[in-house]
Amino acid sequence: FPDQTISVDQHVELGRQFGPLEGHPNLPNPFTAHNELFELAASHGGVADEWHTDITFRAEPALMSVLHMVKCPDTGGDTMWTSLYRAYDELSPPMQELCIGLTALHDALPHNHPEQMAVHPVVRVHPETGRKALYVNEHFTRRIVEMNATESEAILRYLTNWVSNPRFTVRYKWHEGTIAMWDNRCTQHFVLNDFDGERVIQRVTIMGDKPEGEAPRWEPWINEGRLTAASRHDRQLYQYLSKSSATD
C-alpha cells in the first residue's frame with residue numbers, strides 16, 4: 001500500500017487488529033523505543049540478505065508482519081517474496097512424500113543465540129487455507145531431525161535453493177511511506193543487499209501461531225555414542241530433544 005502517512009502508534013494499532021504483537025527478541029531498535037515494534041536501520045547493506053521466514057527459531061513463530069518503509073535509498077534495497085505454497089506444489093510427488101514425513105531444527109544463530117531453538121514440520125499445513133507449504137529456510141533452518149548430518153545437508157541445500165526459483169517469487173521496489181503486509185505461514189522474503197544510503201524500516205510482528213503438519217514417520221537420527229565427534233548441529237539437536245523430553 002504506497003503513499004501512506006502513519007505514526008508509530010497507528011502502525012502498532014493496525015497490527016493489533018490481527019493478534020498479539022512482539023518486538024524482535026534479539027535485535028534492539030536503533031531509534032524508536034517500543035516493545036511492540038521492530039526497527040532496523042541500515043546503510044551500505046547490513047540487511048537479512050538470505051531467504052527466510054521471520055523468527056522461525058521460536059516455538060510459535062511470527063504469524064504475520066506489517067512493515068512501514070520509513071526511509072529508503074534512491075536505488076537498491078528491494079524486497080523479494082516467494083510463495084511456499086508454490087514451492088511445495090511444484091516438488092515431484094516422491095519429494096513431496098518424503099518432506100511430509102520430516103521435521104527440521106531452526107535456531108537463532110544469525111542473531112548470536114544458537115541456544116534459541118525450535119523444531120517444526122518441513123511441510124506445514126496453513127491453519128486457514130488448509131494448503132501445504134514448504135517450511136524450511138536458509139537463514140534459520142539447521143538440520144533435518146530424522147536424517148543423518150550428510151543426508152540433511154544435501155536435502156536442506158536442495159530445498160532452500162528451490163524456494164528461490166523465480167517462478168515462485170515477486171520483487172518490490174520501495175518508496176518511502178509504503179506499507180507492506182505478508183503472511184509468514186506461507187512466504188519467505190529476501191532483501192537485496194545492493195544499496196548505499198540509509199534504509200529505515202519499522203515492522204510490527206503478529207505472533208501466536210504454532211506450525212502444524214502431519215506427524216513425522218521416523219524417529220530422530222541421534223547416535224549418542226558418537227556425540228563427541230558429531231557436528232555442532234548433531235549436538236545441538238541432541239540438546240534440544242533432551243530438553244524437550246525432560247519438559248514432557
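Quick note: structure is the one above.
Just so you know, the residues in each chain are numbered from 1, in the order the chain's sequence is written. A pLDDT threshold of at least 70 governs which residues receive local features in this predicted model, and a stricter bar of 80 or more applies before side-chain atom pairs are shown or counted, although totals over entire chains, interfaces and linings include all residues. The side-chain values count all of the structure's non-hydrogen atoms but skip hydrogen atoms and water molecules.

Student: Help me understand empty space enclosed by the protein, please; the structure alone is not making it clear to me.
Tutor: The rolling of a water-molecule-sized probe over the atoms marks out the regions of remaining empty space. Buried and open spaces are told apart on a 1 Å grid over the protein atoms alone, a cavity being a set of points where a 1.4 Å probe fits but cannot get out and a pocket being an open set with protein on both sides within 12 Å along at least five of seven lines. Residues with an atom within 4 Å of a point are the lining residues. Grid points are joined across faces, edges and corners, and a volume is the space filled by probe spheres set on the points. Evaluated as defined, the whole model comprises one cavity of 30 Å³ or more. Computed from the structure, the largest cavity encloses a volume of approximately 30 Å³. Contributing to the lining of the largest cavity are Cys72, Pro73, Gly76, Gly77, Asp78, Lys173 and Trp174. Of the residues that constitute the lining of the largest cavity, the class distribution is three nonpolar, two polar and two charged. Throughout, the ten residues Ala, Val, Leu, Ile, Met, Phe, Trp, Tyr, Cys and Pro are labelled nonpolar, Asp, Glu, Lys and Arg are labelled charged, and all others, Gly among them, are labelled polar.

Student: What exactly am I supposed to notice about unusual backbone geometry here?
Tutor: Trans peptide bonds make up most of the peptide bonds, and negative phi angles are found at most residues other than glycine. Positive phi values are uncommon outside glycine, yet isoleucine 55 reaches one of about 40°. In this fold, isoleucine 55 is placed in the loop between strand E1 (38-42) and strand E2 (64-71). The classification of residues rests on relative accessible area computed with a 1.4 Å probe and restricted to protein chains. Under 20% of the type maximum is buried, over 50% is exposed, and intermediate values are partly exposed. Accessibility expressed as a relative area gives 4% for isoleucine 55, which makes it buried. Starting at the N terminus, helices and strands are each numbered in turn, a helix being any DSSP run of H or I of at least four residues and a strand any DSSP run of E of at least two.

Student: Is there a simple way to think about the nonpolar core in this case?
Tutor: What tends to happen in soluble globular proteins is that the nonpolar side chains get buried as a cluster. If you look at the biggest cluster of nonpolar residues, it comprises 24 residues, and the most contacted ones within it are Leu91, Cys99, Val122, Val123, Leu134, Val136 and Leu159. To define a nonpolar core, start from buried Ala, Val, Leu, Ile, Met, Phe, Trp, Tyr and Cys residues and group those joined through side-chain atoms within 4.5 Å. In this structure, Leu21, Leu63, Met64 and Val66 belong to the second largest nonpolar core, which totals nine residues.

Student: Honestly, the packing of aromatic side chains in this entry has me stumped. Any pointers?
Tutor: The way to describe two aromatic rings as a pair is by their centre distance and the angle between their planes. The aromatic pairing rule takes the rings of Phe, Tyr and Trp, using the six-membered ring of Trp, and pairs them if the centres are within 6.5 Å, calling planes under 30 degrees apart stacked, those over 60 edge-to-face and the rest tilted. Taken as a whole and assessed by the stated rule, the structure comprises seven aromatic pairs. An angle of 45° between the planes, with centres 5.4 Å apart, marks the rings of tryptophan 51 and phenylalanine 190 as tilted. Here tryptophan 51, found in the loop between E1 and E2, pairs with phenylalanine 190, found in strand E11 (residues 187-191); they are 139 residues apart in sequence, far enough to count as distant. A ring pair is formed by phenylalanine 57 and phenylalanine 140, whose centres lie 5.2 Å apart and whose planes are at 70°; its orientation type is edge-to-face. Taken as a pair, phenylalanine 57 in the loop between E1 and E2 and phenylalanine 140 in the loop between strand E7 (132-134) and strand E8 (141-144) lie far apart in primary sequence, 83 residues in all. Three or more aromatic residues joined by ring pairs form one cluster here, namely Trp81, Tyr172, Trp174 and Trp182.

Student: Please explain helix H3 (residues 93-100) as it appears in this structure.
Tutor: Every α-helical turn comprises 3.6 residues, leaving residues that sit three or four positions apart pointing alike. Every buried residue of H3 is accounted for by Met95, Gln96, Cys99 and Ile100. Buried residues along H3 cover an arc of 135° about the axis, so they all sit on one side. Across from the buried face of H3, at angles greater than 90 degrees, the exposed residues are Pro93 and Pro94. Looking at the packing, one finds that the buried side of H3 touches helix H2 (84-89), strand E6 (123-125), E7 and helix H4 (149-162). Each direction from the helix axis to a C-beta atom contributes to the arc, which is the arc of those directions. By the convention used here, residues are in contact when the closest approach between their heavy atoms is within 4.5 Å.

Student: Would you explain H4 in this entry?
Tutor: If you check H4, its first and last C-alpha atoms are 20 Å apart, about what 14 residues at 1.5 Å a residue would give, namely 20 Å. Buried residues of H4: Ser152, Ile155, Leu156, Leu159, Thr160 and Trp162, and no others. Summarising the axial view, the buried residues of H4 lie within an arc of 150°, below the 170-degree limit, and thus occupy one face. Residues of H4 that are buried in the fold lie against H2, H3, E7 and E8. To estimate how far a helix should extend, the number of its residues minus one is multiplied by 1.5 Å.

Student: Could you clarify how one ought to interpret the sheet that holds strand E12 (residues 199-206) in this entry?
Tutor: Think of a sheet as strands paired side by side through backbone hydrogen bonds, with each pair either parallel or antiparallel. Spatially, four strands are ordered E1-E12-E2-E10 in an open sheet, and the strand pairing comes out antiparallel. The strands lining the two open edges of the sheet, one partner per strand, are E1 and strand E10 (179-183). Taken pair by pair, the neighbouring strands of this sheet meet at an average axis angle of 20°, ignoring direction. The criterion for strand pairing is that DSSP finds at least two bridges linking the strands in question. Sheet analysis places E2 next to E12, joined by seven bridges and oriented antiparallel. By the bridge assignment, histidine 68 is partnered in E12 with glutamine 202. Here, axes are lines fitted to C-alpha atoms. For helices the fit covers the stretch in contact, and angles between N-to-C directions go from 0 to 180 degrees. The sheet contacts of helix H1 (residues 8-16) involve E2 and E12, and relative to E12 the element is tilted by about 35°.

Coordinates in, geometry out; function isn't part of it.
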